[in-house]
Amino acid sequence: MAETDASISGAAQPDETDVDERAPEDFAATLARLESLVAQLESGELSLEASLVAFERGVHLTRDAQRRLENAELRVKALLEQPDGSFQTVPFETGEADGER
């Protein structure tokens, strides 16, 4: 199994495999790790076993990201809920001016 883990990380440090088992501390790091796994899978250079391990990690990361999004949505709803139980509608502002990216 150690060969499989090493083939997923490529040139990464051996002890990075242990870090990959835990969910990152923030949402952006979760997405970055997920994107890295997708790139590895799409490269076609992984063995079947390594691909399965990478896919399993990706599923865990996807579930973690979904959980984080759901928690954020609940927090936003709690902040916007009015004392009478209704919700205040607040326009979402991205901070970008119209037409800018």
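In this text, all values refer to a predicted model and were calculated from it rather than measured experimentally. The residue numbers shown here count from 1 along each chain, following its written sequence. Local features are withheld for residues below a pLDDT of 70 in this predicted model, meaning they are given only at 70 or higher, and side-chain atom pairs are given and counted only at 80 or more; totals for whole chains, interfaces and linings count all residues. Side-chain figures throughout are based on the complete set of non-hydrogen atoms in the structure, without hydrogens or water.

Q: Explanation requested: the overall build of the protein in the structure shown.
A: For the protein, the helix and strand inventory stands at four helices and zero strands. If you list the helices and strands of the protein from N to C, you get α-α-α-α. Contacts between residues were defined by any pair of non-hydrogen atoms, one from each residue, lying within 4.5 Å. The long-range fraction of contacts in the protein, counting pairs at least 24 apart against all pairs at least 6 apart in sequence, stands at 64%. When the accessible surface of the protein is summed, it comes to about 8,100 Å², and 54% of that surface belongs to carbon and sulfur atoms. The numbering of helices and of strands both runs from the N terminus, where a helix is a DSSP run of H or I of at least 4 residues and a strand a run of E of at least 2. Each accessible area value is a Shrake-Rupley result obtained with a 1.4 Å probe; residue values ignore everything except the protein chains displayed when judging cover.

Q: Sorry if this is basic, but what is going on with the pattern of salt bridges here?
A: Side chains that carry opposite charge are capable of pairing whenever their charged atoms lie near each other. Only one rule defines a salt bridge in this text: a Lys or Arg side-chain nitrogen within 4 Å of an Asp or Glu carboxyl oxygen. Under the defined criterion, the tally for this structure stands at three salt bridges. Residues Arg67 and Asp64 are paired through a salt bridge, measuring 2.5 Å at the closest nitrogen-oxygen approach. In this pair, Arg67 and Asp64 are both assigned in helix α4 (residues 48-80), three residues apart and thus about one turn of the helix distant. The classification of residues rests on relative accessible area computed with a 1.4 Å probe and restricted to protein chains. Under 20% of the type maximum is buried, over 50% is exposed, and intermediate values are partly exposed. We classify Arg67 as partly exposed; its relative accessible area is 41%. Between Asp64 and Arg68 there is a salt bridge whose closest N-O contact spans 2.8 Å. Linking Asp64 with Arg68, this pair stays in helix α4, spanning four residues, or about one helical turn. Judged by relative accessible area, Arg68 falls into the buried class, the value being 19%. By sharing partners, the salt bridges in this structure join Asp64, Arg67 and Arg68 into a single network.

Q: Would you take a moment to explain helix α3 (residues 27-43) for this structure?
A: Any helix carries an expected span of 1.5 Å times its number of residues minus one. Relative to the 24 Å expected for 17 residues at 1.5 Å per residue, α3 spans 24 Å between its end C-alpha atoms, a close match to the ideal helical length. Considered for burial, the residues of α3 that qualify are Thr30, Arg33, Leu34 and Leu37. Down the axis of α3, the smallest arc covering the buried residues is 100°, so these residues share one side. Facing away from the buried side of α3, by more than 90 degrees, are the exposed residues Ala28, Glu35 and Glu42. Of the residues flanking the end of α3, it is Gly44, one or two places downstream, whose phi is positive at about 75°. The arc refers to the directions leading from the helix axis to the C-beta atoms.

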